[in-house]
Amino acid sequence: MNPLIEELKDLSRQALDAVQRAGDERALEAVRVEYLGRKDGRISGVLRGLASLDAEERPAVGAEANRVKQLVAEALETRAGAFSHKAARAPGLDLTLPPRSPWRGTVHPVSQVVDDIWQIFKSLGFTRARGPEVDDEWYNFVALNTPLDHPAADEQDTLYLGPELLLRSHTSPVQIRTMQAYEPPIRIIAPGMAYRRDTYDATHTPAFMQIEGLVVDEGVTFVDFKATLAEFARRFWGPGTRVRFRPGFFPFTEPSAEVDVKRVIVRDDGSREETPWIEIMGAGMVDPAVLDNVGYDSERYTGWAFGMGPGRIALLKYGVPDLRLFYENDMRFLGQFAVPRGGAS
Ligand code: DAH
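Residues numbered from 1 in each chain as written. Predicted model: local features only at pLDDT ≥ 70, side-chain atom pairs only at ≥ 80, totals over all residues. Heavy atoms only, no water.

This part takes up the overall build of the protein. Within the protein, the secondary structure is distributed over twelve helices and eleven strands. Here the C-alpha atoms of the protein give a radius of gyration of 35 Å, more than 25% beyond the 20 Å that 2.2 N^0.38 yields for 345 residues. Overall, the protein is about 100 × 60 × 40 Å in size when its C-alpha atoms are taken along their principal axes. Counting across all 345 residues of the protein, residues that qualify as buried make up 40%. A sequence separation of at least 24 residues applies to 65% of the contacts in the protein between residues at least 6 apart. Accessible surface computed for the protein: about 19,500 Å², of which carbon and sulfur atoms make up 52%. In the protein, the 41 positive side-chain charges and the 50 negative ones have mean positions that sit 9 Å from each other. (Helix = DSSP H or I, 4+ residues; strand = E, 2+ residues; numbered from the N terminus. Rg over C-alpha atoms; globule rule 2.2 N^0.38 Å. Buried < 20%, exposed > 50% of the residue type's maximum accessible area, 1.4 Å probe, protein only. Contact = heavy atoms within 4.5 Å. Areas by Shrake-Rupley, 256 points an atom, 1.4 Å probe, with all protein chains shown as cover. Lys, Arg positive; Asp, Glu negative; His and termini not counted. Charge placed at Lys NZ, Arg CZ, Asp CG, Glu CD.)

The subject of this paragraph is a nonpolar patch on the surface. A cluster of nonpolar side chains, contributed by Val134, Leu161 and Leu165, occupies part of the molecular surface with about 250 Å² of accessible area. Considering the arrangement of structural elements, one finds Leu165 in strand β3 (residues 165-167). (Patch = residues over 30% accessible without salt bridge, like charges linked within 9 Å, V, L, I, M, F, W, Y side chains within 5 Å. Salt bridge = Lys/Arg side-chain N within 4 Å of Asp/Glu carboxyl O.)

So, about the domain arrangement of the protein. Partitioning the protein into domains gives domain 1 (3-88) and domain 2 (109-337). Look at where the C-alpha atoms of domain 1 and domain 2 centre, and you get two points 69 Å apart. (Domains from an automatic or database assignment.)

Here we take up the environment of Gly282. With respect to the helices and strands, Gly282 occurs in strand β10 (residues 278-286). Given a relative accessible area of 15%, Gly282 falls into the buried group. Through-space distance from the C-alpha of Gly282 to that of Leu47 is 76 Å; in sequence the pair is 235 residues apart. Setting aside chain neighbours within four positions, we find Gly282 in contact with Phe250, Ala257, Ala305, Phe306 and Gly307.

Here we take up the sheet that holds β10. Ordered by their spatial adjacency, seven strands build an open sheet running β1-β4-β5-β11-β10-β7-β6, and the pairing between neighbours is mixed. What marks the edges here is a single partner per strand, and that holds for β1 (127-128) and β6 (242-250). As paired strands, strand β5 (residues 207-218) and strand β11 (residues 301-308) are joined by eight bridges and run antiparallel to one another. Along β11, the bridge assignment pairs Ile211 with Met308. (Pairing = 2+ DSSP bridges.)

This part takes up the environment of Arg324. Note on placement: Arg324 falls in helix α11 (residues 324-327). In sequence terms Arg324 and Thr199 are 125 residues apart; their C-alpha atoms lie 11 Å from each other. With sequence-adjacent residues up to four places away left out, Arg324 is seen in contact with Tyr200, Asp201, Ala202 and Thr205.

Inspection of the region around the ligand gives 15 residues, with His170, Gln175, Arg196, Gln210 and Glu212 positioned closest. Residue Arg196 places a side-chain N or O atom 2.8 Å away from an oxygen atom belonging to the ligand. Between Ala305 and the ligand, the recorded distance is 3.2 Å, taken from a backbone N or O atom to an oxygen atom. In this structure, the ligand is accommodated by the largest pocket. Here the residues of the shell around the ligand sort into five nonpolar, eight polar and two charged. (Near = heavy atom within 4 Å. Polar contact = N/O pair within 3.5 Å; in protein donor to acceptor, adjacent residues only side chain to side chain. 1 Å grid on protein atoms, 1.4 Å probe; cavity = no way out; pocket = protein on both sides within 12 Å on 5 of 7 lines; lining within 4 Å. Sits in = over half its atoms within 2 Å of the grid points. Nonpolar A, V, L, I, M, F, W, Y, C, P; charged D, E, K, R; others polar.)

Omega for the bond connecting Pro184 with Pro185 falls within 30 degrees of zero, at 5 degrees, which places this linkage in the cis form. With an omega of -5 degrees, the peptide bond running from Glu254 to Pro255 counts as cis. As for its position among the elements, Pro255 is in strand β7 (residues 253-262). Unusually for a residue other than glycine, Asn145 sits at a positive phi of about 65 degrees. When you line up the elements, Asn145 lands in the loop between α6 (137-140) and β3.

In this section: the packing of aromatic side chains. If you walk through the whole model with that rule in mind, you get 18 aromatic pairs. Every member of this aromatic cluster is reached through a ring pair, and the members are Phe121, Phe126, Phe222, Phe225, Phe232, Phe236, Trp237, Phe245, Trp304 and Phe306. Seen from the ring of Tyr139, Arg177 lies directly overhead, with NZ or CZ sitting 3.7 Å from the centre. Over the aromatic face of Tyr200 sits the side chain of Arg324, whose NZ or CZ is 5.7 Å from the ring centroid. (Phe/Tyr/Trp six-rings, centres within 6.5 Å; stacked < 30°, edge-to-face > 60°. Lys NZ or Arg CZ within 6 Å of the ring centre and 35° of its normal.)

Right, let's get into the layout of surface pockets. As a volume, the largest pocket reaches approximately 990 Å³. In this structure, the largest pocket is lined by 42 residues; those nearest its centre are Ser169, Arg196, Phe208, Gln210 and Phe250. Breaking the lining of the largest pocket down by element, the ones donating at least two residues are β5, β6, β7, β10, β11 and α10 (310-318). A class-by-class count of the residues in the lining of the largest pocket yields 18 nonpolar, 16 polar and eight charged. (Points joined across faces, edges and corners; volume = space filled by probe spheres on them.)

As for its position among the elements, Asp260 is in strand β7. Engagement of the side chain of Asp260 in a polar contact is seen with the side chain of Arg246, the distance being 2.7 Å. For Asp260, the residues in contact, after removing those within four places along its chain, are Arg242, Val243, Arg244, Arg246, Trp277, Ile278, Glu279 and Ile280.

The structure is reproduced here in structure tokens:
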């Protein structure tokens, strides 16, 4: 028999003996290093020496070296297991204590509001659209009938990334991209982030969620506009909700409106409470100039659009006093909005 095989058998006996004698984890680790250590381990050394053996000897010695290595590694593992078992039975450790429940992520409260709003519009026949958060001046302003000398296009308000490149200041550019990509009829909802050089305070954050809506078709009228948004508000806030359209101004709609809701809460004892009027969105009939900009025939098609802030709606819905709480990602705060698995109700 090859003397190396003799030596391996001997090494194996010594190693297994040392494993049994190791009294704690540190001693066990020393045994591992002595025999299996990558650099100076005695068994590893034999394996390394294989290269200098004759070709006929190599397979037998190699097989034996691997068998011994395996054997010692298994013995080390078994012994280590025995130590941790002992540790677990150490005084002061109560194995009957229930484990900490695993942390399961929950849907962010603003995302829940987005989901709820999306579900309502989906049931009204809308589809979902998206566009890039980095966009250019043409999509963000010019195509939306907003001249570049408009205050909104000023560097005071918009986060520019380059001469014409910017972080979109609203989700309205998705209107333009959608109309460029599809012919009417269009009925879309486009939730997404928008960015502005805003102060960071209780009602403003420089990065915030918006939801854009757009309808374009033949024969779409102001009546469709008002009726659809009123239906949305009643489904979201309850059947007694009152909706008010105040005149407003946006460059991309004519006429434009600010939409307010007033919730009417009827208690079990019959008493009623009315909330103040709360502004929920900007909206209006799509300006024909916008339809022209995407090559639609503005004689044939009409449309309406809106933009709303689900962050602000979440503030109202949950009675949270400060928008920043939604964006600071403190799990103790966000965990309170956990909804049962299966999504928002
Ligand atoms: N883009 C507007 C904003 O960010 C919101 C808005 C108003 C969107 C009217 C619309 C609209 O689509 O028709 O303040």
